[in-house]
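Here is what each chain is made of, one letter per residue.
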Amino acid sequence: GFRCDVNKQMSPSMLVMHSFALSPASAASSSPMQGGPPPPPPSSYTFITQVGDDSGGIFVSRVDTARGGVDARMHRPLLGGLALLKLQMSLSGSENDTLLAEVDVGTAIPILTWTANLKYGSMGGGPVWGANYWQAITPNFLMGGEGMYIA
């Protein structure tokens, strides 16, 4: 087999990555024996882009031919850093597509002694709701809870 990773810094805030993997020609016709080594992964191509901006936002995307999927993720500070918006998406052409949105509050402000998170999305074809809250009791001890509902 052969693998090649190519990384290119397009600008100070943008990175592009290409990953090629070629499996051996004999791998297509071989079948692993009981207790033998697993077969090598199939040949694949993956393309990843990462972009950051001056306000602290991060954007990542990936196209993966071995999985047949597209993934995307975004983190964006809101309200001067008091809250952080997170969006995550995974599309693969199956019933396991995912879309999840989260808002973290209080995580980026060091003087706050609490953090909260709200989640909403879709996983495996059903809606998902979630929330959590954490409170610092002492500088080294936190208490809180989390709940999720998956329909």
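Scroll up to find the structure.
This report concerns the structure included in the present document. What you see is a predicted model, and the numbers here were worked out from it, not measured in a lab. Residue positions are counted from 1 within each chain, in the order its sequence is given. In keeping with the predicted nature of the model, local features appear solely for residues at pLDDT of at least 70, side-chain atom pairs appear and are counted solely at 80 or more, and the whole-chain, interface and lining totals rest on all residues. Note: side-chain values were computed over all heavy atoms of the structure, leaving out hydrogens and water.

### Thoughts on the side chain of Thr46
Rules: Helix and strand assignments follow DSSP, with helices taken as H or I runs no shorter than four residues and strands as E runs no shorter than two, numbered in order from the N terminus. In this description, contact between two residues means that some pair of their heavy atoms is separated by no more than 4.5 Å.
Mapped onto the secondary structure, Thr46 falls in strand E3 (residues 44–52). Those residues in contact with Thr46 that lie beyond four places of it in its chain are Met17, His18, Ser19, Arg62, Val63 and Asp64.

### A closer look at the pattern of salt bridges
Our working rule: Criterion for a salt bridge: a side-chain nitrogen of Lys or Arg within 4 Å of a carboxyl oxygen of Asp or Glu. To sort residues, take the accessible area from a 1.4 Å probe on protein chains only and compare it with the maximum for the residue type: under 20% means buried, over 50% means exposed, and anything in between is partly exposed.
With the rule as written, the count across this model stands at five salt bridges. Among the ionic pairs, Arg76 bridges to Asp53, the shortest N-O distance being 2.2 Å. Residue Arg76 is found in strand E5 (residues 69–78), and its partner Asp53 is found in the loop between E3 and strand E4 (58–64); the two are separated by 23 residues along the sequence. A salt bridge links Asp104 to Lys86; the shortest N-O distance between them is 2.8 Å. Of this pair, Asp104 sits in strand E7 (residues 98–105) while Lys86 sits in strand E6 (residues 83–91); the two residues are 18 residues apart in sequence, bridging distant segments of the chain. In this structure Asp104 comes out as buried when scored by relative accessible area, which is 8%. Overall, the relative accessible area of 22% leaves Lys86 in the partly exposed class.

### Things to note about the pairing of E4
Side-chain positions along a regular strand alternate between the two faces of the sheet. Heads up, the condition is: Whether two strands pair depends on DSSP finding at least two bridges between them.
In terms of strand pairing, E3 meets E4 through seven bridges, oriented antiparallel. Bridging across to E4, Thr49 finds its partner in Ser61. Hairpin remark: E3 followed by E4, antiparallel, with five residues in the connecting loop; positive phi at Gly56, about 100 degrees. As defined by bridge partners, E4 adjoins E5 across seven bridges and the pair is classed as antiparallel. In the sheet register, Val63 faces E5, and the bridge partner there is Val70. Here E4 hands over to E5 after four residues, with Gly68 in that stretch at a positive phi of 70 degrees.

### Describing the pairing of strand E10 (residues 141–150)
Pairing analysis gives ten bridges linking strand E9 (residues 126–138) to E10, with the strands arranged antiparallel. The residue bridging Gly130 from the neighbouring strand is Met148, located in E10. In this antiparallel pair of consecutive strands, E9 and E10, the connection spans two residues.

### Concerning a nonpolar patch on the surface
Definition in use: A patch consists of residues exposed above 30% relative accessible area that lack any salt bridge, with like charges linked at up to 9 Å and nonpolar side chains (Val, Leu, Ile, Met, Phe, Trp, Tyr) linked at up to 5 Å. Areas reported here follow the Shrake-Rupley algorithm with a probe of radius 1.4 Å; residue values treat only the protein chains shown as occluding.
A cluster of nonpolar side chains, namely Val63, Val70 and Leu91, defines an oily patch on the protein surface of about 200 Å² accessible area. The partly exposed category is assigned to Leu91, whose relative accessible area is 39%.

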